[in-house]
Amino acid sequence: MAYWIARSLRSRGFKVVVAGRIDTQVFDGSGIEVFRLRKPFRTKNSSDIRLLLLLLRLRFRYGEKIVFYSLLINNVKVFRWLRPALKWKCVSFLHGNETLRLFHKKKGTLRKNLRACQHVFANSRYIMKIVEDLGEFNNISIVPPGIPVERFLNHPTTVHGNPDIASKGKTILMLSRLVRRKGHLTVIKAVASIRSRHPDIRLVIAGSGPYRTTIEDMIRQEGTEDMVELPGFVSENDKLDLYASCDIYCMPSEIDEKNFEVEGFGITFIEASAMGKIVIGTDTGGIPDAIERDRSGFLVRPGDHAQLADLLDRIFTDPVSFQPIRNYARQRALSNFSWDKQINRIIEKLMAS
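Since we're looking at a predicted model, the values are computed, not measured. (Residues numbered from 1 in each chain as written. Predicted model: local features only at pLDDT ≥ 70, side-chain atom pairs only at ≥ 80, totals over all residues. Heavy atoms only, no water.)

Caption draft 1: Up close: unusual backbone geometry. Even without being a glycine, Lys-87 presents a positive backbone phi close to 60 degrees. Looking at where Lys-87 falls in the secondary structure, it is placed in the loop between α3 (76-86) and β4 (89-94). Judged by relative accessible area, Lys-87 falls into the exposed class, the value being 52%. Positive phi outside glycine occurs at Phe-260, with the angle close to 55 degrees. Structurally, the position occupied by Phe-260 is in the loop between β10 (248-250) and α11 (267-274). Given the relative accessible area of 17%, Phe-260 is considered buried. (Helix = DSSP H or I, 4+ residues; strand = E, 2+ residues; numbered from the N terminus. Buried < 20%, exposed > 50% of the residue type's maximum accessible area, 1.4 Å probe, protein only.)

Caption draft 2: Expanded view of the sheet that holds β4. The sheet built from four strands is open, its strands ordered β3-β4-β5-β6 with parallel pairing. Here the strands that pair on one side only, and so sit at the sheet edges, are β3 (67-70) and β6 (140-142). In this sheet, adjacent strand axes meet at a mean angle of 20 degrees when their direction is disregarded. Sheet strands touched by α3: β3 and β4. Its angle to β4, the strand with the most contacts, is close to 165 degrees. Across the sheet, helix α6 (residues 125-132) is in contact with β4, β5 (119-122) and β6; its angle to β6 comes to roughly 160 degrees. (Pairing = 2+ DSSP bridges. Axes fitted to C-alpha atoms, helices over the stretch in contact; angles between N-to-C directions. Contact = heavy atoms within 4.5 Å.)

Caption draft 3: Molecular detail of the nonpolar core. Ranked by internal contacts, the top residues of the largest apolar core, which has 34 residues, are Leu-55, Ile-73, Leu-94 and Leu-114. Those elements giving two or more residues to this core turn out to be α2 (45-62), α3, β4, α4 (97-105), α5 (107-116), β5 and α6. Ranked by residue count, the leading element in this core is α3, at five residues. Those residues in contact with Ile-73 that sit more than four places away from it in its chain are Ser-92, Phe-93, Leu-94, Glu-98, Leu-102, Leu-110, Asn-113, Leu-114 and Cys-117. If you look at the next biggest cluster of nonpolar residues, it comprises 32 residues, including Leu-203, Ile-219, Val-228 and Leu-308. (Core = buried A, V, L, I, M, F, W, Y, C linked by side-chain atoms within 4.5 Å.)

Caption draft 4: Just the packing of helix α8 (residues 184-193) against helix α13 (residues 305-317), in detail. One can describe the packing of α8 onto α13 by two numbers: an axis separation of 8 Å at closest approach and a directional angle of 55 degrees. In terms of orientation, α8 lies oblique with respect to α13. The two elements α8 and α13 meet at a crossing, and its hand is right-handed. For the pair α8 and α13, the contacting residues are Thr-186, Val-187, Lys-189, Ala-190 and Ser-193 in the first and His-305, Leu-308, Ala-309 and Leu-312 in the second. (Parallel < 35°, antiparallel > 145°, perpendicular 65-115°, else oblique. Left-handed = near helix turned anticlockwise from the far one by under 90°.)

Caption draft 5: Molecular detail of the pairing of β5. A two-sided burial pattern is seen for β5, the buried positions comprising His-119 and Phe-121 on one face and Val-120 and Ala-122 on the other. Note that β4 and β5 share four bridges and pair parallel. The partner of Val-91 across the bridge, within β5, is His-119.

Caption draft 6: Broad picture of helix α9 (residues 212-221). Of all the positions in α9, only Ile-215, Met-218 and Ile-219 are classed as buried. Taken around the axis of α9, the buried residues stretch over an arc of 105 degrees, which confines them to a single face. On its buried side, α9 packs onto α8, β8 (201-206) and β9 (228-232). Positive backbone phi, at 65 degrees, marks Gly-223, one or two positions downstream of α9. (Arc of directions from axis to C-beta.)

Interpretation note: all reported values are geometric properties and have no functional meaning in isolation.
Next comes the structure, spelled out in structure tokens:
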């Protein structure tokens, strides 16, 4: 997200400096200056000190005419301490987990951080609702993340000729970090329950993370070793081929309240839609902003593998009848979620505030 915002702002004539754990080659020739950091900022005192020193360093080098963009609202706490000395404005974004965690554990900090910003952008109505429960704010609006539309327009929506990634039948894709809330077990159970009607069904669970062992155990328990593939981490270069190789993209996420984890939006639904795929999510978090119910995709109950199995069965039994949904979803993704459109909305709000 920071990459696309930086690139879009630079193309509009802004001077852009990006500080983070960044592959500097990504920005070669872009005119964007990079401060490469070796460690991420965590919610620890040492990180606060490091961020404080970084902001002072940037202030010394670039002066007062700065808008400090914070990818996470957590980091605004340090900005608040330095605001009188920095004489900067601050813009921040609300994504999901970090907002939910602060809301439940440090409401006062979240409220102060929000009020310290010139403007705050929430990525969905769900996240906006969390903020509204803290009080009235006139500096917050909803702007979802975007996609590089040109890449999706220029990429084939189906893959032929490559036996490693080409569709081998009725293919369902999940692409995410392997963590509990993504709903992998629900999809495995759903696939297992309809294999007799669709013996050529295939489930690809791409990504890496701490939940892989649990997923592998469930695959063995359900006897679906021959149907499920776990290719591991997928690079940005390979991601579009993976989308092209599937028929359905499915991520029935759940809210993990104990660990303050939620799907703040779900950009992979937009990416899969942009490739003309049927997308299936749940009516939780910000997913209903990414999927228009029964128009650009489907929303099922979290954890309900029987409902999901019934939907998958209907789609695979009569795929032609779902073509209007594929067409609408692709048009919506490409028209409404380009980075250019989102950056225009961001700049418009900043100029008005």
